[in-house]
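In case you want the letters, here they are:
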Amino acid sequence: MTAHTRTPRPAPVAAPEQRAARRRVPPRRGGRSAALRRNLAAYLFLAGAVVCFALFSWYPIVRGFLLSFQRVTFTGADEWVGWENFQRLFDDPLFATAWRNTGYFTLLALVFGFAAPLLTAVVLNELRHGRAFLRMAVYLPVMLPPIVTMLLWRWIYDPGPGLLNNALEVVRLPPQAWLESENLAMVSLVLVSTWANMGTTTLIYLAALSNIPGELYEAAQLDGASIRRRLWHVTLPQLRFILMITLLLQVLGTMQVFIEPFVLTGGGPDNATVTVLLLLYRYAFVYNDFGLASAMSTVLFLVLGVFAACYLRLTRTRG
């Protein structure tokens, strides 16, 4: 019987590129300490950002939460009172009024401020001429300082020489007390807020519309779909995620409305436009009750935290 001998296979020869890559890899020296020294500058810059956030964001949040359980006098040591500030807060009739007005403002802002940017973006997206100029015109109110915007609209709403009442007089309609009427004051504030803030949302929608494949519109057009049906069956489904994100962000923004009622109405008439932040401002800087104001801010923080959690969950699911 003849024994079969197995011929050994030659070792695989590395490609020239692999041999060059091996020669280029530097040997590890020092391990973690060397990596720490190499990244020391980055860690120092990161430490500066962390310190800034800690001093100007995290510390005020923690401090405000602690103040909500204390009686603040600024003349001596703060007194721990437990839930007394929250009890006084919930017993205040203006607390429910402020939340009701804020919810009403948020609802009106969703009706006007949510639809207007979308329709404006759809119209601008269909234009072929003057698109850049119109985009700039839509975004211009965002670049104005908020106080300038409020003073401009105060003149527009002026019951005497105001622009809006003069326009009503031209078409033979009676003038209105826009900011002095309990029925019209909140609607007037919502129109101001929508005009001042819709530019950013419009640009977001324009960017999202540019990412919709044109083949979808061509197929819908070949099937005889009208503009309304193309908007309903093509545009809105493709923008579903962006619409949900902007909806949550708008709720978070409108529930913190302050400058419009503070400058234009002062919370009137008859507390019809008192919002949560305006009432918080009164507690702190009019009544000098910082414990009550901190309790109000804690409640607002918890409510907004629910919407923020929904936003984070939605974006994480999408990612």
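Residues numbered from 1 in each chain as written. Predicted model: local features only at pLDDT ≥ 70, side-chain atom pairs only at ≥ 80, totals over all residues. Heavy atoms only, no water.

Per an unreviewed UniProt entry, the protein goes by the name Sugar ABC transporter permease and belongs to Streptomyces triticirhizae. Quoted verbatim from the Subcellular location (unreviewed entry) field of the UniProt record, the comment on the protein reads "Cell membrane". UniProt, in the comment section headed Sequence similarities (unreviewed entry), describes the protein in these words: "Belongs to the binding-protein-dependent transport system permease family." (UniProt positions renumbered as here; feature names shortened; annotations may be inferred.)

Time to look at the packing of helix α5 (residues 93-113) against helix α10 (residues 185-210). The N-to-C vectors of α5 and α10 enclose an angle of 50 degrees; their axes lie 9 Å apart at closest approach. Looking at the two axes, α5 sits oblique to α10. Handedness of the crossing formed by α5 with α10: right-handed. Contact with α5, carried on its side by N101, Y104, F105, L108, A109, F112 and G113, involves M186, V187, L189, V190, S193 and T194 of α10 and no other residues of that element. Taken together, the residues of the contact of α5 with α10 sort by class into nine nonpolar, four polar and no charged. (Axes fitted to C-alpha atoms, helices over the stretch in contact; angles between N-to-C directions. Helix = DSSP H or I, 4+ residues; strand = E, 2+ residues; numbered from the N terminus. Parallel < 35°, antiparallel > 145°, perpendicular 65-115°, else oblique. Left-handed = near helix turned anticlockwise from the far one by under 90°. Contact = heavy atoms within 4.5 Å. Nonpolar A, V, L, I, M, F, W, Y, C, P; charged D, E, K, R; others polar.)

Following the UniProt record, one finds the feature "transmembrane region" (unreviewed entry) at residues 40-61, 104-124, 136-156, 184-208, 239-259 and 290-312. Secondary structure across residues 184-208 divides into 96% helix and 0% strand, with the first and last C-alpha atoms of the span separated by 34 Å. Secondary structure within residues 239-259 divides into 76% helix and 0% strand; the distance between the first and last C-alpha atoms comes to 31 Å.

Before going further, it helps to spend a moment on the packing of aromatic side chains. Under the definition given, this model contains 17 aromatic pairs. Measuring from centroid to centroid gives 5.4 Å for W83 and F86, while their planes differ by 55 degrees, and the two rings are tilted. Residue classification places W83 among the exposed residues on the basis of a relative accessible area of 62%. Looking at F86, the relative accessible area reads 8%, which means it is buried. When the centroid spacing of 6.0 Å and the interplanar angle of 35 degrees are considered together, the rings of Y157 and W178 count as tilted. Of this pair, Y157 sits in the loop between α8 (146-156) and α9 (163-170) while W178 sits in the loop between α9 and α10, and the two are 21 residues apart along the sequence. Here the two residues Y157 and W178 agree in accessibility, since each one is buried. Taken together, the ring pairs in this structure connect F65, F69, W80, W83 and F86 into an aromatic cluster. (Phe/Tyr/Trp six-rings, centres within 6.5 Å; stacked < 30°, edge-to-face > 60°. Buried < 20%, exposed > 50% of the residue type's maximum accessible area, 1.4 Å probe, protein only.)

Okay, the nonpolar core next. In this structure, L89, W99, L279, Y283 and M296 are the most contacted members of the largest nonpolar core, which totals 23 residues. Residue assignment for this core shows that the elements contributing at least two residues are α4 (84-91), α5, α13 (240-254), α15 (276-286) and α16 (290-318). Broken down by element, the residue count for this core peaks at seven residues, all from α16. Filtering out sequence-adjacent residues up to four positions away, Y283 remains in contact with L89, D92, N288, D289, L292, A293 and M296. Listed in part, the 17 residues of the second largest apolar core include M150, I156, L179 and L189. (Core = buried A, V, L, I, M, F, W, Y, C linked by side-chain atoms within 4.5 Å.)

This part is about the side chain of T254. When you line up the elements, T254 lands in helix α13. A distance of 2.8 Å separates the side chain of T254 from the backbone oxygen of Q250, its partner in a polar contact. At 3.3 Å, the side chain of T254 and the backbone oxygen of V251 are in polar contact. Excluding residues within four positions of it along the chain, T254 makes contact with T102, F105, T106 and A109. (Polar contact = N/O pair within 3.5 Å; in protein donor to acceptor, adjacent residues only side chain to side chain.)

As a further point, take the packing of α5 against helix α6 (residues 115-126). Working note: a packed helix pair is described by the angle between its axes plus the distance between those axes. At a minimum axis distance of 5 Å, the contact between α5 and α6 shows a crossing angle of 10 degrees. It follows that α5 is roughly parallel to α6 by the angle criterion. Every residue of α6 that contacts α5 at L110, V111, F112 and G113 is listed here: A115, A116 and P117.

Counting across every chain of the model gives three salt bridges. As a salt-bridge pair, R71 and E84 come within 2.8 Å of each other at their nearest N and O atoms. Here R71, found in strand β1 (residues 70-71), pairs with E84, found in helix α4; they are 13 residues apart in sequence, far enough to count as distant. Looking at R71, the relative accessible area reads 33%, which means it is partly exposed. Look at E84 and you get partly exposed, because its relative accessible area is 31%. For the salt bridge of R88 with D289, the shortest nitrogen-to-oxygen distance reads 2.9 Å. Separated by 201 residues along the polypeptide, R88 in helix α4 and D289 in the loop between α15 and α16 bring together distant segments of the chain. On the accessibility criterion, R88 (33% relative accessible area) is partly exposed. (Salt bridge = Lys/Arg side-chain N within 4 Å of Asp/Glu carboxyl O.)

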